[in-house]
Amino acid sequence: MSTLQPDLVWADVLRSLSKSMSPSTFSTFVKPLSISSIEEVGEDRAIIRFQAASPYVAQQAEMRCYAQLKQAVDESTQKKCDLTFVSAAENAVPTSPEPEQPVASAAEPPFHQPQTQPQPSQANGPLADSIHNASFQSLNDKAPSNNFIPPTQTSAPRRPQSNTHSAPQNAAPSLFSMNQIKMPTVDRYKLAAQKAHLREDYNFDTFAVSGSNEMAYAAAQAVAQSPGSVYNPLFIWGGVGVGKTHLMQSIGNVILKANPDTPLTYCMGEEFLNEIISAIRNKKTIEFKEKYRQLKVLLIDDIQFIAGKDTAQEEFFHTFNAITRAGGQIIMTSDRPPHEIHPLEDRLRSRFEGGLTIDIQQPTFELRTAILLIKSQKMGLDLSMDLAQMVAAEVESTRKLEGVVFKIHSAHRFRNRPLDQNLIREVLGEESRPVIAKKKLKPSAIMRAVTSHFHISANTLRGNSRKKDYVTARHIAMFLMKKELDLPYTEIGNNFGGRDHSSVMHAVSKIEQRLEADAPLSQDVSAIRVSLSSL
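I will try to describe carefully the structure that is included in this document. (Residues numbered from 1 in each chain as written. Predicted model: local features only at pLDDT ≥ 70, side-chain atom pairs only at ≥ 80, totals over all residues. Heavy atoms only, no water.)

Re the sheet that holds strand β2 (residues 45–52)
Stated formally: Whether two strands pair comes down to DSSP finding at least two bridges between them. Where helices and strands are cited, they refer to DSSP runs of H or I of at least four residues and of E of at least two residues respectively, numbered from the N terminus. Axis definition: a line fitted to C-alpha atoms, over the contacting stretch in the case of helices. Angles run 0 to 180 degrees between N-to-C directions. Residue contacts follow a heavy-atom distance rule, with two residues in contact if any of their heavy atoms lie within 4.5 Å.
Strand order in the open sheet made by the three strands is β1-β2-β3, with mixed pairing throughout. Looking along the sheet, the strands with just one partner apiece sit at the ends: β1 (34–41) and β3 (80–87). On average, adjacent strands in this sheet sit at an angle of 20° to one another, irrespective of strand direction. In the sheet, β2 pairs with β3 via eight bridges, with the strands oriented parallel. The residue bridging Ala52 from the neighbouring strand is Ser87, located in β3. Its contacts with the sheet put helix α1 (residues 6–20) on β1 and β2, and the angle it makes with β1 is roughly 110°.

With respect to the environment of Thr472
In plain terms, the rule: Summary of the burial criterion: residues with accessible area below 20% of their type's maximum are buried, those above 50% are exposed, and those between are partly exposed, where the area comes from a 1.4 Å probe applied to protein chains only.
Following the sequence through the fold, Thr472 ends up in helix α22 (residues 468–485). For Thr472, a relative accessible area of 12% translates into the label buried. Spatially, the C-alpha atoms of Thr472 and Phe454 are 9.7 Å apart, while their sequence positions differ by 18 residues. For Thr472, the contacting residues outside a window of four places in its chain are Arg514 and Leu521.

Examining the side chain of Gln313
Topologically, Gln313 is positioned in helix α13 (residues 310–325). Apart from residues lying up to four places away in sequence, Gln313 is in contact with Ile306, Ala307, Gly308, Pro343, Leu344, Glu345 and Leu348.

Structural notes on the packing of helix α11 (residues 269–281) against helix α12 (residues 285–293)
Threshold: Under the convention adopted here, Pro, Cys and the residues Ala, Val, Leu, Ile, Met, Phe, Trp and Tyr are nonpolar, Asp, Glu, Lys and Arg are charged, and Gly plus all remaining residues are polar.
One can describe the packing of α11 onto α12 by two numbers: an axis separation of 8 Å at closest approach and a directional angle of 145°. Here α11 contributes Phe272, Glu275, Ile276, Ala279 and Ile280 to the contact with α12, which in turn contributes Thr285, Phe288, Lys291 and Tyr292. Looking at side-chain class alone, the contact of α11 with α12 contains six nonpolar, one polar and two charged residues.

So, the packing of helix α24 (residues 501–515) against helix α25 (residues 519–533)
The following threshold applies: Orientation is classified from the angle alone, with under 35 degrees giving roughly parallel, over 145 giving roughly antiparallel, 65 to 115 giving roughly perpendicular, and any other angle giving oblique.
Relative orientation of the contacting elements α24 and α25 amounts to 115°, with a least axis distance of 8 Å. Relative to α25, the element α24 lies roughly perpendicular. The segment α24 lies against α25, with Ile511, Arg514 and Leu515 engaging Leu521, Ser522 and Val525. Of the residues contributing to the contact of α24 with α25, the split by class is four nonpolar, one polar and one charged.

So, the sheet that holds strand β5 (residues 264–268)
Sheet architecture is open: five strands sit in the order β5-β6-β7-β4-β8, paired in parallel fashion. In the strand order of this sheet, the two ends are held by β5 and β8 (356–360), each with one partner. Averaged over neighbouring strand pairs, the angle between their axes works out to 15° when direction is ignored. In this structure, strand β4 (residues 234–238) lies alongside strand β7 (residues 329–334), joined through four bridges in parallel fashion. The residue bridging Phe235 from the neighbouring strand is Met332, located in β7.

Dropping the structure here:
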């Protein structure tokens with residue numbers, strides 16, 4: 001009998017998440033949910049079924065909050081929980097079935113258990129029903145044996161038919177309809193994707209392709225079809241918000257759909273580093289090694305985080321060798337190519353460069369427009385071409401584009417605002433906040449952003465070195481101080497050791513001219529601007 005009460009667990013989860021999540025995310029995607037059922041599977045596992053008012057809310061909660069919800073329910077229940085999300089419409093049960101249906105279907109009311117008979121189990125949901133009904137020989141004959149869990153007792157009390165509607169003696173309950181029989185395959189993929197920390201919406205169908213990313217897209221598709229055989233490792237690099245993670249996770253989703261049992265995981269470079277530290281502290285290094293070295297596919301994001309960390313580099317070196325020796329696939333992303341990751345061990349750099357290294361440039365205006373149309377279509381938002389172009393002309397970051405689409409959707413659907421240029425201007429105005437940003441932004445912040453992006457010191461940036469990379473970084477910093485802060489040329493020069501205003505004018509003018517034709521320079525400037533916008 002289940003000892004977990006959904007209402008109590010949900011109240012505990014709400015208390016926990018209200019402290020750890022932002023108020024807007026909590027109120028928009030978490031608070032509207034409820035726990036409709038908890039199915040305990042053994043002593044240490046449970047399946048939690050979340051219910052939302054609409055399919056959209058259910059989808060967004062799963063996409064945006066799965067990790068936080070799972071952590072909270074795991075802590076509350078002291079079990080490893082698998083989460084499923086449904087809307088109220090999907091979970092609703094009509095009062096009567098279709099009259100022409102001779103066999104019980106998904107629309108049939110649940111069985112009623114008389115109070116005088118023993119209660120078989122208080123657990124609800126498809127898993128509990130499959131355990132209870134598995135002893136029906138007629139059903140076992142109709143369904144594949146590997147889709148059901150064997151009964152926990154030799155015989156189970158048969159549920160009497162509803163007094164209102166009767167069904168034939170040997171009729172299968174709705175769990176075993178043809179549609180339901182197909183569900184385990186889908187669920188296996190979903191559970192595998194969730195376990196691997198993949199987002200289902202990150203797939204090739206939702207990835208917009210143009211000249212700035214078509215080579216990376218083609219390489220990713222080749223790896224997805226033949227993991228471990230071509231382009232191993234695959235190293236994708238580029239600025240913030242260009243689609244590196246989307247492309248990497250698309251590969252993982254294709255592989256798991258083909259075989260959900262594939263040992264595959266996705267993690268951030270920082271997570272890999274933190275796991276090593278935790279394993280050493282808790283004396284669990286053997287478990288850590290087993291977790292990663294048995295993988296067939298490893299997707300690791302922002303690999304540059306392990307640079308300079310000797311233990312992390314040592315462990316990743318052996319993990320890399322173990323996976324590739326066994327014919328597995330490794331895919332990495334970074335904000336810069338391997339030869340620019342410092343300080344990185346030479347043996348790792350040579351392995352990173354041993355496969356295919358490919359870059360994704362900042363999205364063009366046309367690509368940003370296509371991304372907007374794809375995301376709005378997915379939300380059921382009828383965004384016209386001219387409105388999409390209006391947004392794409394103002395927003396350069398693809399990550400920011402997604403936030404803009406959510407705001408447009410919210411204003412249009414929930415506030416009943418017409419989808420027109422006035423609404424777009426209002427949303428873009430909220431996004432940009434130019435006056436506030438300029439008041440907060442200081443020359444020192446631009447200096448830090450540039451030095452961080454180019455991995456040089458502040459003294460080098462202010463100095464007199466004529467090395468090409470240093471000169472470019474210096475000119476970009478001057479350009480941004482002029483364009484973002486509108487500082488006088490003399491004041492900008494004072495931030496660079498008292499340089500003459502004519503030198504600053506030349507630097508700003510040179511960057512302006514190069515931005516039109518120099519794609520890598522444009523990518524650098526856009527990436528620095530994105531980092532400044534988050535301050």
